[in-house]
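Analysis of the macromolecular model
Here is what each chain is made of, one letter per residue.
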Amino acid sequence: PTFPQFTPLKLKDQQELEQRIRSHPPHSDYNLASLWSYDTDNRLQISTLNDNLVAVFADYITQQPLVSFLGTKEAAQTTQTLLNYQRGHSSSPAISLLHEDTINALPKNHPYTVSEDRDNFDYVMDIDELVAMKGTKYLKKRTKVHAFEREYEPQTQVKLLDLYTPTVHAAIIALFLRWEKQRNR
């Protein structure tokens, strides 16, 4: 739907969502697996505004509504419209989880305060360091990797998967359901 109308995240929206998401650089909060897996209580609402994907998440900690958007079209107008919407729904209006491309699409003299959320820096990792796993910092991880390899290497495979393929989606969902059942959740 078009903003200010919203709809809950539904499997039938998968194709359209994937097309919108795929047209932007990777974003940890905007991929179908993340959207599905973190929407544990079916509160995620989606919409479009100026051809941008708008989402109202439940904050991962406070469960309060959190407004975000993915896209670069008319970024300033989209931002202002969503802030005005937030003013009617929140005592501290803000837009969260914006991708760098979205922020860079704002005019240079925009009136908004943009700040990084240091609480989310745990996702920023040095890939080369992580791959090498050298030093005492990674000793426990190396030990776990080696134990996994000894135990399961004969029956494991490394494959590149296309996350947009329906059979891959089904396999991922089946794995999550199996894991959930085994954990008695």
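Before any of the text, the structure's been laid out above.
Reference entry: report on the structure contained in this document. None of these values were measured; they are calculated from a predicted model.

1. Quick look at the overall build of the chain
- Helix and strand counts for the chain stand at seven helices and four strands.
- Each helix and strand of the chain, placed in order from N terminus to C terminus, yields the pattern β-α-α-β-β-β-α-α-α-α-α.
- Projected onto its principal axes, the C-alpha positions of the chain cover 55 × 40 × 30 Å.
- When each of the 185 residues of the chain is scored for burial, the buried share is 26%.
- A sequence separation of at least 24 residues applies to 54% of the contacts in the chain between residues at least 6 apart.
- In the chain, which carries 21 positive and 23 negative side-chain charges, the distance between the mean positions of the two groups comes to 6 Å.

2. Some points on helix α1 (residues 14-22)
- Of all the positions in α1, only Gln 14, Leu 17, Glu 18, Arg 20 and Ile 21 are classed as buried. Looking straight down α1, one finds its buried side chains confined to an arc of 165°; they lie on one side. Among the exposed residues of α1, those pointing more than 90 degrees away from its buried face are Gln 15 and Gln 19.
- Each element contacted by the buried residues of α1 is listed here: α2 (32-38), β2 (45-49), β3 (52-58), β4 (65-70) and α7 (166-182).

3. Observations concerning the environment of Ala 94
- Note that Ala 94 resides in the loop between α3 (75-87) and α4 (100-104).
- Using a relative accessible area of 34% as the deciding quantity, one classes Ala 94 as partly exposed.
- Distance in space between the C-alpha atoms of Ala 94 and Leu 83 is 6.3 Å, their sequence separation being 11 residues.
- When residues no more than four places from it in sequence are discounted, the contact partners of Ala 94 are Val 67, Leu 83 and Gln 86.

4. A short note on the layout of surface pockets
- The computed volume of the second largest pocket comes to approximately 180 Å³.
- If you go around the second largest pocket, you meet 15 residues; those closest to its centre are Tyr 38, Asp 39, Thr 40, Ala 58 and Tyr 60.
- Of all the elements in the fold, those that place two or more residues in the lining of the second largest pocket are α2 and β3.
- Among the elements that line the lining of the second largest pocket, the one with the most residues is α2, at four residues.

5. As for the pattern of salt bridges
- Summed over all chains, the structure comprises five salt bridges.
- Glu 16 is paired through a salt bridge with Arg 20; the nearest N and O atoms lie 3.4 Å apart. With Glu 16 and Arg 20 both in helix α1 and four residues apart, this pair spans about one turn of that helix.
- According to the relative accessible area criterion, Glu 16 is partly exposed, its value standing at 44%.
- In this structure, Lys 137 and Glu 129 form a salt bridge, with 2.9 Å as the shortest nitrogen-oxygen distance.
- A relative accessible area of 63% means that Lys 137 is categorised as exposed.
- We classify Glu 129 as partly exposed; its relative accessible area is 31%.
- Several salt bridges share partner residues, and in doing so they unite Glu 16, Arg 20, Asp 51 and Lys 73 into one network.

Cut-offs used in this document
- Residues numbered from 1 in each chain as written.
- Predicted model: local features only at pLDDT ≥ 70, side-chain atom pairs only at ≥ 80, totals over all residues.
- Heavy atoms only, no water.
- Helix = DSSP H or I, 4+ residues; strand = E, 2+ residues; numbered from the N terminus.
- Buried < 20%, exposed > 50% of the residue type's maximum accessible area, 1.4 Å probe, protein only.
- Contact = heavy atoms within 4.5 Å.
- Lys, Arg positive; Asp, Glu negative; His and termini not counted.
- Charge placed at Lys NZ, Arg CZ, Asp CG, Glu CD.
- Arc of directions from axis to C-beta.
- 1 Å grid on protein atoms, 1.4 Å probe; cavity = no way out; pocket = protein on both sides within 12 Å on 5 of 7 lines; lining within 4 Å.
- Points joined across faces, edges and corners; volume = space filled by probe spheres on them.
- Salt bridge = Lys/Arg side-chain N within 4 Å of Asp/Glu carboxyl O.

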